[in-house]
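# Secondary and tertiary structure notes
Take a look at the letters that make up each chain.
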Amino acid sequence: MPASQQTLVVSSPEFVEDGLIPAKYTCQGEGINPPLDIDNVPEGTRSMVVIAEDPDAPSGTITHWVLYDILAGNSIDENTDDGVKGINSKGRMGYLPICPPSGIHRYFFHIFALDSSINLRPGADRPAVEKAMADHILGAGTLMGRYGKPEEIQEAIDK
């Protein structure tokens, strides 16, 4: 991250950094996006972007969520439709619920503060969003949570 960019402080009222993401936000629950809080948003922020990913997927990194042209602010609501939906790794628009096939995976929620809107049509893919926002990033931050199926979480605790 260039020195001119601020570090956003990303958190959630539902899980802590490196903590377990509640099942509600997964394929075993309601399958909705978790709420996110953002502190240290730079002055001049006009829009925000969220990209959520699972780098631990057996087939390579899975993009779970691309949401852009979100109004600048200090939070992203649970189960939100605020912003423009991009496509996830399954080729669908919106949030792809967390659903690891096995093991406990890490999920990164990357937030970007931009000096403008990126004005892409709904359904843009992650590379198009990343290219459009590249020269407009004022700040960025990440929250990482973990999730595994309940029996695998219990196994890890018992070890």
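Now for a quick tour of the structure. (Residues numbered from 1 in each chain as written. Predicted model: local features only at pLDDT ≥ 70, side-chain atom pairs only at ≥ 80, totals over all residues. Heavy atoms only, no water.)

Moving on: the state of the cysteines. Following the criterion strictly, the structure yields one disulfide and no others. Between the sulfur of Cys-27 and that of Cys-99 lies a disulfide, 2.0 Å long from S to S. Residues Cys-27 and Cys-99 are joined by a disulfide whose S-S torsion is about 70 degrees; by sign, that bridge is right-handed. Residue Cys-27 is located in the loop between strand 2 (9-11) and strand 3 (36-39), and its partner Cys-99 is located in the loop between strand 7 (84-85) and strand 8 (105-114); the two are separated by 72 residues in the primary sequence. The partly exposed category is assigned to Cys-27, whose relative accessible area is 39%. (Disulfide = S-S within 2.5 Å. Helix = DSSP H or I, 4+ residues; strand = E, 2+ residues; numbered from the N terminus. Buried < 20%, exposed > 50% of the residue type's maximum accessible area, 1.4 Å probe, protein only.)

Our focus in this paragraph is the sheet that holds strand 3. In a beta sheet, neighbouring strands pair by backbone hydrogen bonds and run either parallel or antiparallel. The antiparallel open sheet is built from three strands, whose spatial order is 2-3-6. The open sheet has two free edges, formed respectively by strand 2 and strand 6 (75-76), since each of these has just one partner strand. In this sheet, strand 3 lies alongside strand 2 in antiparallel orientation, the contact comprising three bridges. Paired with Val-10 across the strands is Ile-38, a residue of strand 3. (Pairing = 2+ DSSP bridges.)

Below, the discussion takes up the pattern of salt bridges. For the coordinates displayed, the defined rule picks out six salt bridges. Close ionic contact of Arg-146 with Asp-18 constitutes a salt bridge, the shortest N to O distance being 2.5 Å. Taken together, the residues Arg-146 in strand 9 (residues 137-147) and Asp-18 in the loop between strand 2 and strand 3 connect sequence positions 128 residues apart. A salt bridge links Arg-126 to Glu-53, with the nearest nitrogen and oxygen atoms 2.8 Å apart. Remark: Glu-53 occurs in strand 4 (residues 47-54) and Arg-126 occurs in helix 1 (residues 126-133); sequence separation between them is 73 residues. A relative accessible area of 18% places Arg-126 in the buried class. Each member of the salt-bridge network shares a partner with another, and the members are Glu-53, Arg-126 and Glu-130. (Salt bridge = Lys/Arg side-chain N within 4 Å of Asp/Glu carboxyl O.)

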